[in-house]
Structures are given as C-alpha cells and as structure tokens.
Amino acid sequence: KEKAVVKGASALDNLVCVKSKGKLVLEEQWKQPATLSLLVFKTPNITEDYWVAMTAEARKLMPKLKIKYLYTPGLDRKAYAQQLFSTNQLPDLIWDAPAGDFVKAGALLNYPEKALSFFNGGETRIGGKIYGLPSGAQGIPMVYYNKTQFKDAGITSVPKTWAEFLTACEKLKAKNYTPLLAAGAGDAWASPIMLQGIMNSDVMGKNPKFNQDLKSGKASLKADALNAFKKFEVLTSKGYFNKDALSISYAQVKEKFESGGGAMYPMGTWQAAGTGKDFEIGVFPIPPDSGAPTLGAVVSQVPFISAKTKYPAQALRAGIAIAGSQAGAEAGAVTDALFPNVKGWKAKAKMTQLFDESFAAYMATKRVPTFGWNGGEDELPAGFMTDLQKAAQGIMDGSKTAEAAVDELDASIKKNTAR
C-alpha cells in the first residue's frame, strides 16, 4: 500500500519523499500555491526589472507561485539580513546572508546535492552541506581605469608591479587627476575595497586559507598583514584618493568615475557593465610587489532559504530555479557583468568589450578567496567586517594608523569568534 510521507521540516535533507501514484511528494508540494518573500537589493545597475528577469523562469515553472520582492535599505546586505533575523523577520528567500553565522543559529535550510547538477561547480559548503547555489562568479576587486587620463599622464601601459602602480598615481596627481576613487557614506562596504584587494594580492595569495587561520587563531593581521595595511595607508597619506571619499555613496562614486572624475576605480567586476562618458575604460588586476597578480574571487552562493519558511518545498524549488535560470544568467551578465556559472549557458546578447576584457583578466589571473567577501568556511564574521570598514575609514581620514588598525582588528576577530 503506497503512502506519501514527509518527515521533518527543520532541514530540506529531512524531506523524505516516496512515490505516490508515480509522483514525488516533494513535487506535489512545490506545485501548491505559495507566496514567497525574496530579500534582494538595488544598485545603479540592478533595478526591479533585473529581479523580475532573474525570477522569470521560477514563476513560469511554478505558475501558482507569487514572489514578494523586498529590498535592503543599503548595500550592506548581510548586516540587514542579520537585523531581520534578530527581530524574527527573516524572509523566505535571502539573496545575501552571513551564512556562517546563520547556519550556527539554525536559521537556514540546506539544498540537496542534486541541486548542483545545474551548475559548473564552485559551491561553498558549511559543515559539508550546501546552503547557497553557485550561480555566478566575480573578481573583487579589479582596477578600472580611464584610458584617456592615463594617456594624458604619460602612462603607456598598465602597472605590473606595486612600484609601477605608485608611479602611475604620482603621474596622474601631477596632471591634476584624482588617481583613485572610493566611497563610504551610507555604503561603508565600499571603503575598504582597495585594502581588501591588497590583502587578496599580498596575503591571500600566499595563504588562500588565511581567513580560516585568522578565525582559528593560527594567523593574525599584525603578524601576517601589517605591510598590506601600510600600503593602503601610503595611498591615503599621499592624497591619492578623492577628498570626498567618505561623504559620497557607491552610486555617486560610480557616476564620478564614469563622468571622468577620477583615473582609477578599484571595484568588483560588476563595474564591467559600466561605460565611460567620452572615454574608454580599461581594467587590470591590483599589481603585486613582483611576479604574477592574484585576484580575490567569489562564486555567488544564492539564494538562501529561511529555516522558518512556511513553504520549504516551494522555496527549495524556487531557489534552484532562480539560481540556475538561463534568463537570470543573461540578466546578470548584461546588467551586472556577473560571469555566468550555469551549465549550458550561451550569451544571447552581444557582450561589451569591457565585459570580455574583465572576464579574460579574471580567467588569466590566479584566483583565491577574498578577504571578506566569501561565504562558507572562508566567511569572516559580520561584526568583524563592520570593524574592518571603520578601520579603513579611520586610515583614510588620518585618525588611525595602520598599526592601530591591525591591533584593533585582531582584537575584533578574537571577540567575534569567541576566542
């Protein structure tokens, strides 16, 4: 006698499905009506239309599904997700979350192994389980540059070493160009992105497991990363950054760069979707002291599923459909220069030269986990990331030295990992 059984809703792996009249119980569940809330975000590139395109295939596959789009008030998505969790308001699906902290708190459901069949690898596991799906890849950061200003300053080739990078900054400053652009007002995540790039090059390149070692106490910023922080301090002390860096937002600094307001813009490869007004944009990886460059890389793990969703089967199927969407991959590539990681994807739209150059640089550069952007075992605690942003801003405004910053951050990582 056949009987359908579903055991446990605390984790999707516990959904035990047996055939009932030739169909799986889970399939019967995800076909039922549901309204799922999806926490996402907006940027100058990413609008509501982007999310409609990203979820189109899920809505087509599940005609009884309704999606309610919720937007973070700023771009610090993990911090906002943490805030919602702490007030018991976590949506059904979350585009970006502090996965490590949430898994420890029992806040997320995991995906089954078979979900990975839609992707080209690159998954991040926590405790051996998969909580987000590897839908796309990004390099964080590359250096995007104004080719016209470089030429006018007599810079005939992109810097290959850190010494050449500093020389380029001096030449640009001598021509009254702002060498480097940064932001921070309302978007504190953008303040340390150049510092993180230096860390990726100089520290993560030598030890790709540095984040894990930092959390366990095997490594420290004072012992292993002080020189990287001092490099960042040199850039700020020499006045290479825009003077309004800490008073403008990410949207404003992006517009500033694309309007010719600065020569170099360290940013994630999503900037490959940007265009310069009356000038051509180029791209290169942050140069090391010597040798081949190293790039921090993230394979996006999305979306996460709340353990308290009322519709676990629908959320699971929607999550797979959204992350593995061919149309979504197209929207990500065209709109946000997200390098697709979905099996069988082929570009329908003609990509820009800058996208092609960014992707080529991404593929040609040694890639390691980033200092501060990856999830899973490499994820740094949310509280530490907030302190990192404050430290970077302190170095930028001259209120903090590199040495003071690493001392404070070593104390922060110890506190936020309960060591």
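Above: the structure in question.
To start, this report covers the structure provided alongside it. (Residues numbered from 1 in each chain as written. Predicted model: local features only at pLDDT ≥ 70, side-chain atom pairs only at ≥ 80, totals over all residues. Heavy atoms only, no water.)

### Topic: the sheet that holds strand 16 (residues 366–368)
Now for step 1: Judged by pairing direction, the sheet is mixed, and its 4 strands sit side by side in the order 15-9-13-16 without closing on themselves. Each end of this open sheet is capped by a strand with a single partner; those strands are strand 15 (339–340) and strand 16.
Now for step 2: Inspection of the sheet shows strand 9 (residues 133–139) paired to strand 13 (residues 294–302) by 6 bridges, in the antiparallel sense. The partner of proline 134 across the bridge, within strand 13, is glutamine 301. (Pairing = 2+ DSSP bridges. Helix = DSSP H or I, 4+ residues; strand = E, 2+ residues; numbered from the N terminus.)

### A closer look at the environment of leucine 181
Now for step 1: One can find leucine 181 in the loop between helix 7 (162–174) and helix 8 (193–204).
Now for step 2: In this structure the C-alpha to C-alpha distance between leucine 181 and phenylalanine 229, which are 48 residues apart in sequence, comes to 18 Å.
Now for step 3: Leave out the neighbours within four places in its chain, and leucine 181 touches Phe241, Asn242, Val253, Lys256, Phe257, Gly261, Gly262, Met264, Tyr265 and Pro266. (Contact = heavy atoms within 4.5 Å.)

### Details of the pattern of salt bridges
Now for step 1: Inspection of every chain in the model, using the stated rule, returns 13 salt bridges.
Now for step 2: With its nearest N and O atoms 3.5 Å apart, the salt bridge here joins arginine 77 to aspartate 96. With arginine 77 in helix 4 (residues 77–86) and aspartate 96 in the loop between strand 5 (93–94) and helix 5 (99–104), this pair connects stretches of sequence that are 19 residues apart.
Now for step 3: Across the salt bridge formed by lysine 147 and glutamate 280, the nearest N and O atoms sit 3.2 Å from each other. (Salt bridge = Lys/Arg side-chain N within 4 Å of Asp/Glu carboxyl O.)

### Here's the deal with the sheet that holds strand 12 (residues 281–285)
Now for step 1: The strand order across the open sheet formed by 3 strands is 11-10-12, and the pairing between neighbours is antiparallel. Two strands lie at the open edges of the sheet, namely strand 11 (264–267) and strand 12, each paired on one side alone. Pairwise comparison of adjacent strand axes, ignoring direction, gives a mean angle of 30° for this sheet.
Now for step 2: Against the sheet, helix 15 (residues 353–364) contacts strand 10 (142–146) and strand 12, and its axis sits at roughly 5° relative to strand 12. (Axes fitted to C-alpha atoms, helices over the stretch in contact; angles between N-to-C directions.)

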